[in-house]
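Survey of secondary and tertiary structure
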Amino acid sequence: MNTETTDLIVIGSGPAGMAAAAEARALGMSVCVLDEQRVIGGQIYRRIEDTPEALRMILGKDYAAGSALADEFRRSGADYRPGATVWNLSGDGVVDYVADGGSRTISATNVLIATGAMERPFPIPGWTLPGVMGAGAAQIMLKGADARPSGPVVLAGCGPLLYLLAWQYLRAGVQLAGLVDTTPFSAYVAALGKIQGAVRGRKDLIKGLGLVSQVRLARVPVYSGAKSLEILGRDMAEGIRFQHKGKSREIAAGLVLLHQGVVPNTQLSWSLRARHGWDAGQLCWTPVTDEVGRLGQTAVYVAGDSRGIVGAIASGVQGRLAALAMHERSGGKVPPGRRAVLERQLARHVSLRPFLDRLYRPLDEHRIPADDVIVCRCEEVTAGDLRSYVDLGCLGPNQAKSFGRCGMGPCQGRLCGLTVTEVIAAARKAAPEEVGYYRIRPPIKPIHLGSFS
Amino acid sequence: MTTETLFSIPASAGQKMVRIEFEGETFQVPEGISVAAALLSNGRGAFRTSIVGGAPRAPYCMMGICFECLVEIDGIPARQGCMTPVRNGMIIRRQPGAPSLKALASGGRNEH
Amino acid sequence: MSSNQVTIVGGGLVGAAIAYGAARRGLSVRVLDQGDTAFRASRGNFGLVWLSSKGGGMPEYARWTREAVGLWGGLHQELLDLTGVDSGLVQQGGFWLGFSDEEVQKRADLLAKIDREAGGIPFRMMEPAEIQQYLPDIGPKVAGGSWGAHDGMANPLFLLRALHSGLKKCGADIITGVDITAIEHDAAAGRFTARSRDGQSWISDRIVIAAGLGVSDLAGQIGIHAPVVTTRGQVLITERLKPFMDYPTNKARQTTEGTVQIGSTTEDVGLDDGTTVDKIEWLARRAVDTFPHLAHARLVRAWGALRPLTPDGYPIYQESETCPGGFAVVCHSGVTLAAIHANILGPWMGGLTDAPAGVARFRGSRFLGKNTRYASDH
Ligand SMILES: Cc1cc2nc3c(=O)[nH]c(=O)nc-3n(C[C@H](O)[C@H](O)[C@H](O)COP(=O)(O)OP(=O)(O)OC[C@H]3O[C@@H](n4cnc5c(N)ncnc54)[C@H](O)[C@@H]3O)c2cc1C
Ligand SMILES: Cc1cc2nc3c(=O)[nH]c(=O)nc-3n(C[C@H](O)[C@H](O)[C@H](O)COP(=O)(O)OP(=O)(O)OC[C@H]3O[C@@H](n4cnc5c(N)ncnc54)[C@H](O)[C@@H]3O)c2cc1C
Ligand code: FES
């Protein structure tokens, strides 16, 4: 059987993927877009084509801005395949995905990984209890189902998405029992050192700070500089305990929404055995690429948050720049001036990043937890277990994994990988880069064994 | 029960609803939302118990990566509730521990 | 640089078992092992503790394996008591399953030959209907199979951890993250020096080269001819399922954790431990043909691992003639043979006992000047 071929396969239909596809189509490339979700939009623009008007008002202007991109994408004529879960990718451009229960293969001259981000794991005591979710997860409830918390809810952690959700909840009329903000005062001071770069992004900055002050104005109790977060409850979350201004405090709530930033979804790039570096600013792995996102000498490029967190607008611009590069690599011509325009846009939209990264750097104790905290949710491996493997001589995640099964469950290490690297690094007093990461292999999403019949 | 749920979905005019059943209780939920969203806004409590320690668990990520939302749907165990849209007449049950192979293969009939 | 009695180069199942066997008997032991991403068959194998069909071309190996599986229960209990780690041994018999009558007949002939030559390795051929009494979920494509009462399985990963943990408990030194590039022998002092790439060195009275794919080169430095070849095995594993498979088979086994391990391929691809879509597909289809319900189970991971092998597939266990106290070990079936490696090789290589009877059959010198053909044994 001949494998289906195309000029470009885009994996992911978030802002990076949609923009890349539209740009590539405008250049005359044939484009196939695969996304495991059933609708376009990715994380930020989830359900963008069918948001009820009232909900659109609640979600705000940044969300609604996605409509233009979605329209451009739809008009581009890209071959979009929803419900297509990519489980394997090769450096020469062959992609295997499962759709409608069967595995299919498609190959292309160029492949773009635009698989976005996921919320950073938040391993603290009790984080596995029902009633504890990511703030991003709760936002997915809001976007996808118009679902809002019905009882007392606490938002805890740090990062723009946490404040954005608080702001969206206020607009939706949701009562917040508290916003537990783990950003220490010292972070503001440290972040000011990065403000230089942020001046160009000041509109974003003002917008971001505006969200926080609106939350305060709404008389939501805000606990700034909180630390030592801990979920209360035995079988269900019943509240949160934390240290604030030297005192231990508790807030009762059946729903606790945790968030401490988003991190790149790097499963696909790792599975290619591409080089990754530890980003000391964002505290995560990012694939090593050239300036337009190409992985080494492969046919594969990366754009958007899966290349390193840059936010929705910059993700889209990166997608477009990658499309230009891929077109040129295949011998195509790019309209004069187009690249320069995009590069200026990108520079503007990433200038705020170092400031945000510094300001919202998650606390060490919420990334590198105490011994009794579960790190691997699937296999229920604790930080203490990991430290005991280090005592036996384990130098990195792979030997630790084989000694204790951490990372062997269905989430394939997504919810524990970063923690495992950092726990081992701290125990060994070594750099994360020296410790390394899990060897990620296909299938990069669990697939049914019957997918091949 | 309703006062105890973690989330609620405001009724909106013209919204098409479907009927689902969870552990013997019937709920009317908006068409098109995920099973996980439907259950979080109706039944309270765990969706499943963990395989290793038997601890209660519920959806955490809502985007298909954590596998904490596994439920039995129409007799087929261990389905990802956050990635599965509700359908009229769906019968959903909790997923205690690991799925059984026979039940996985039953293709729609309940087998306990 | 202090002197230890025994240095073991390689902390995989083979090196760790020998080291543990020596350390448990009071010897001072040091294990030198590479880092987190080294080639390590011990981390990627199928976990069978298997007697049937072993030694079709060498009855001594069949007997060696029979003794090994007999010792396993003791090792399992001992490690459990000492370290609290359960290496997951289940020895209630196992099945080989075939898809065609020819395949099944060939199997019957092989097992009969081994039983005749080695003696005391009983087996039983079964029709599908009889197999179903033990494995009710097999599919219609299974044409027949053999049953071996001594066959079983273990958790190779927990075995490795149990051995390392046991070594720690016995006071051994485990030094990881070092790549040994040179072994020197000081004949006058009767001592060995192992040197690593990063310039460290360790001195000991005895040394055991059990470095898997790395044996050949190091063994050569102490005068042992130990050719190592390799094949890649790709393996699949599912999510955890409720127990349904009471006995391991050659094509799939359900682990005590509940996952179903599906294996494995035999490919001649050099030092590439990757996976390929065609083999993943082949393994998945074969598993579904064997147990049709598996079609609905989630495949969570696939991997490739490289088998350290000798050209004829049988082990090399040898002491150097020119550098006494220096040993080399290469073996397939490091899980199956773990207990005999610990209980018999450990004390021998540690200098506490004489060479075990018949071990001369496993000298690497059998490959000198010959072009031996590799015999696949599973
Ligand atoms: C839960 C969550 C909520 C967020 N909400 C906001 C917000 O409201 N505002 C904001 O500014 N930023 C938000 N962010 C950050 C936001 O993700 C990014 O700024 C932006 O969406 C990145 O765009 P992207 O195109 O790189 O990736 P994404 O938008 O994340 O798109 C990636 C797409 O790839 C698909 N995909 C992933 N893996 C596979 C695979 N193996 N096979 C097939 N498809 C795959 C996914 O289904 C997804 O649609 C959120 C992040 C998360 C994790
Ligand atoms: C797919 C597959 C399935 C298998 N199935 C089974 C089965 O069902 N039953 C069974 O009994 N066996 C099975 N085996 C075989 C079994 O895994 C091996 O026999 C066993 O793991 C070999 O152990 P080892 O310690 O010799 O080698 P390895 O596990 O490869 O360990 C060698 C060690 O030496 C270290 N090393 C190498 N070079 C150096 C150096 N220069 N300096 C320092 N350290 C070094 C490495 O880092 C490594 O830790 C299987 C193997 C494979 C690949
Ligand atoms: S809630 Fe995480 S996978 Fe469904």
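Residues numbered from 1 in each chain as written. Chains lettered and ligands numbered in written order. Predicted model: local features only at pLDDT ≥ 70, side-chain atom pairs only at ≥ 80, totals over all residues. Heavy atoms only, no water.

An unreviewed UniProt entry annotates chain C as FAD-binding oxidoreductase of Paracoccus siganidrum.

For chain A, the name recorded in an unreviewed UniProt entry is FAD-binding protein, with Paracoccus siganidrum as its organism.

Time to look at the UniProt feature "domain: SoxA A3" (unreviewed entry) in chain A. Taking the UniProt record as the reference, the feature "domain: SoxA A3" (unreviewed entry) is found at residues 378-451 of chain A. Helix makes up 45% of residues 378-451 of chain A and strand 5%. Its end C-alpha atoms lie 23 Å apart. (UniProt positions renumbered as here; feature names shortened; annotations may be inferred. Helix = DSSP H or I, 4+ residues; strand = E, 2+ residues; numbered from the N terminus.)

Looking now at the domain arrangement of chain C. Residue and element names in this part refer to chain C. Per the domain assignment, the segments of chain C are domain 1 (5-81 + 156-227 + 312-367), domain 2 (94-149) and domain 3 (229-309). Each of domain 1 and domain 3 has a C-alpha centre, and these two points are 27 Å apart. Listed per partner, the contact involves 16 residues of domain 1 and 21 residues of domain 3. When the two sides are added together, the surface that domain 1 and domain 3 hide from each other amounts to roughly 1400 Å², 71% of it contributed by carbon and sulfur. Sorting the residues of domain 1 by area buried against domain 3 places Phe-39, Phe-46 and Leu-213 first, and these three jointly supply 41% of that buried surface. At the boundary of domain 1 and domain 3, one finds zero salt bridges. Joining domain 1 to domain 3, the criterion identifies three residue pairs in polar contact (both at pLDDT 80 or more). The residue makeup of the side of domain 1 that touches domain 3, split by class, is 11 nonpolar, five polar and no charged. (Domains from an automatic or database assignment. Contact = heavy atoms within 4.5 Å. Buried area = accessible area lost by both parts, 1.4 Å probe. Salt bridge = Lys/Arg side-chain N within 4 Å of Asp/Glu carboxyl O. Polar contact = N/O pair within 3.5 Å; in protein donor to acceptor, adjacent residues only side chain to side chain. Nonpolar A, V, L, I, M, F, W, Y, C, P; charged D, E, K, R; others polar.)

We now examine the confidence of the model for chain C. The share of residues in chain C with pLDDT of 70 or more is 97%, and the mean pLDDT across the chain is 95. Two numbers describe this predicted complex: its pTM, 0.96, and its ipTM, 0.95. (pLDDT = per-residue confidence, 0-100.)

Of the residues lining the interface, 43 residues belong to chain A; the matching set on chain B comes to 32 residues. Interface area, chain A with chain B, both sides summed: about 3100 Å², of which 64% is carbon and sulfur. Interface area lost by chain A to chain B is led by Met141(A), Arg377(A) and Glu380(A), which between them contribute 17%. If you look at where chain A meets chain B, you find one salt bridge. In this structure, Arg377(A) and Glu68(B) form a salt bridge, with 2.7 Å as the shortest nitrogen-oxygen distance.

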